[in-house]
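Given next are the chains, with one letter for each unit.
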Amino acid sequence: MSDIFLIGATGGIGHRLVPMLIERGHSVTGLHRKPDQAEPLRQVGVMPALGDIMELSADDLEMMLQGSDVTVFSAGAAGSGWDRTTAIDGQGPLKLIEAARRTGLKRVYLVSVFPDAGRRRDTSDGFEHYMEQKKMADVALTESGLDYVILRPGTLQHEDGDGRVKAGHAIPYGNVARGNVASLLAELIDTPSVRREIIEVTDGDMPVEDAVKALERR
Ligand SMILES: NC(=O)c1ccc[n+]([C@@H]2O[C@H](COP(=O)([O-])OP(=O)(O)OC[C@H]3O[C@@H](n4cnc5c(N)ncnc54)[C@H](OP(=O)(O)O)[C@@H]3O)[C@@H](O)[C@H]2O)c1
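So, here's what we can say about the structure. Given the structure is predicted, the values throughout are model-derived calculations rather than measurements.

## Let's talk about the site of the ligand
The ligand sits among 27 residues. The nearest are Thr10, Arg33, Asp52, Ala75 and Arg178. A distance of 3.5 Å is found between an oxygen atom of the ligand and a backbone nitrogen or oxygen belonging to Gly8. Contact between the ligand and Gly76: an oxygen atom at 3.4 Å from a main-chain N or O atom of the residue. For the ligand, the protein covers 83% of the area, taking 940 Å² as the surface of the free molecule. Taken atom by atom, the bulk of the ligand overlaps the largest pocket.

## Digging into the environment of Val181
Note on placement: Val181 falls in helix H6 (residues 178–189). In this structure the C-alpha to C-alpha distance between Val181 and Gly163, which are 18 residues apart in sequence, comes to 8.7 Å.

## With respect to the packing of aromatic side chains
Per the stated rule, a full pass over the model turns up 2 aromatic pairs. An angle of 70 degrees between the planes, with centres 4.8 Å apart, marks the rings of Phe114 and Tyr173 as edge-to-face. Of the two residues, Phe114 sits in the loop between strand E5 (107–111) and helix H5 (125–142) while Tyr173 sits in the loop between strand E8 (164–168) and strand E9 (175–177), which places them 59 residues apart along the sequence. Exposure remark for Phe114: the relative accessible area of 0% places this residue in the buried category.

Rules used in this analysis
- Residues numbered from 1 in each chain as written.
- Predicted model: local features only at pLDDT ≥ 70, side-chain atom pairs only at ≥ 80, totals over all residues.
- Heavy atoms only, no water.
- Near = heavy atom within 4 Å.
- Polar contact = N/O pair within 3.5 Å; in protein donor to acceptor, adjacent residues only side chain to side chain.
- Areas by Shrake-Rupley, 256 points an atom, 1.4 Å probe, with all protein chains shown as cover.
- 1 Å grid on protein atoms, 1.4 Å probe; cavity = no way out; pocket = protein on both sides within 12 Å on 5 of 7 lines; lining within 4 Å.
- Sits in = over half its atoms within 2 Å of the grid points.
- Helix = DSSP H or I, 4+ residues; strand = E, 2+ residues; numbered from the N terminus.
- Phe/Tyr/Trp six-rings, centres within 6.5 Å; stacked < 30°, edge-to-face > 60°.
- Buried < 20%, exposed > 50% of the residue type's maximum accessible area, 1.4 Å probe, protein only.

What follows is the structure, given as structure tokens:
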């Protein structure tokens, strides 16, 4: 069982991932930026850790990561502005990677974005910036020497999902329920042999267990 440090514990993916990890016997510490989020996190079994990823340094994160074997980054600025996108989606993972390297934490799971997200859309400069920041974080993680899985979901939907996905190195673009992304993350965390992989995911027909077994066989 792992000690998991989750950044984005209160988010659409994160809050669905929490009970799955706890059900599987993991300990979860969840970063949260508002003091009143601590008690609800505690109530679902998460050890709350107060901090804003925009303000935390790699040194701060290094202290917070002590004792964790796995970290998940599923935070995001969610279109709240250029500088917040830089600080959260871009610099956030970079600081986490630096901290993980220093603590010797081995596995990092990063929720990134499907490269096709902007196709057939009239994208704004802000959206292009978001895509650049996400890509920069992916590049840094692949070059970090850490074990990682970079997950690239299609367009996120608010549903819990049915636990069935299409997952692979290159798949057609589509929607995906946030709950299905959480289910896939939980299964991947319990399958450490799937590592140093970039995985695209949409809703699909395959139960997440089978999807991860198929990735493992490859
Ligand atoms: N939208 C899409 O279609 C799409 C597609 C592919 C990938 N993604 C990526 O998927 C990831 C997760 O999506 P989601 O829907 O779960 O996101 P979400 O519901 O917007 O949740 C974002 C999480 O990040 C936290 N957060 C935001 N700013 C923070 C800060 N400064 N310090 C600490 N935590 C902070 C939020 O905390 P609070 O609860 O305090 O706000 C929340 O827990 C993001 O990285 C996003 O870029 C999105």
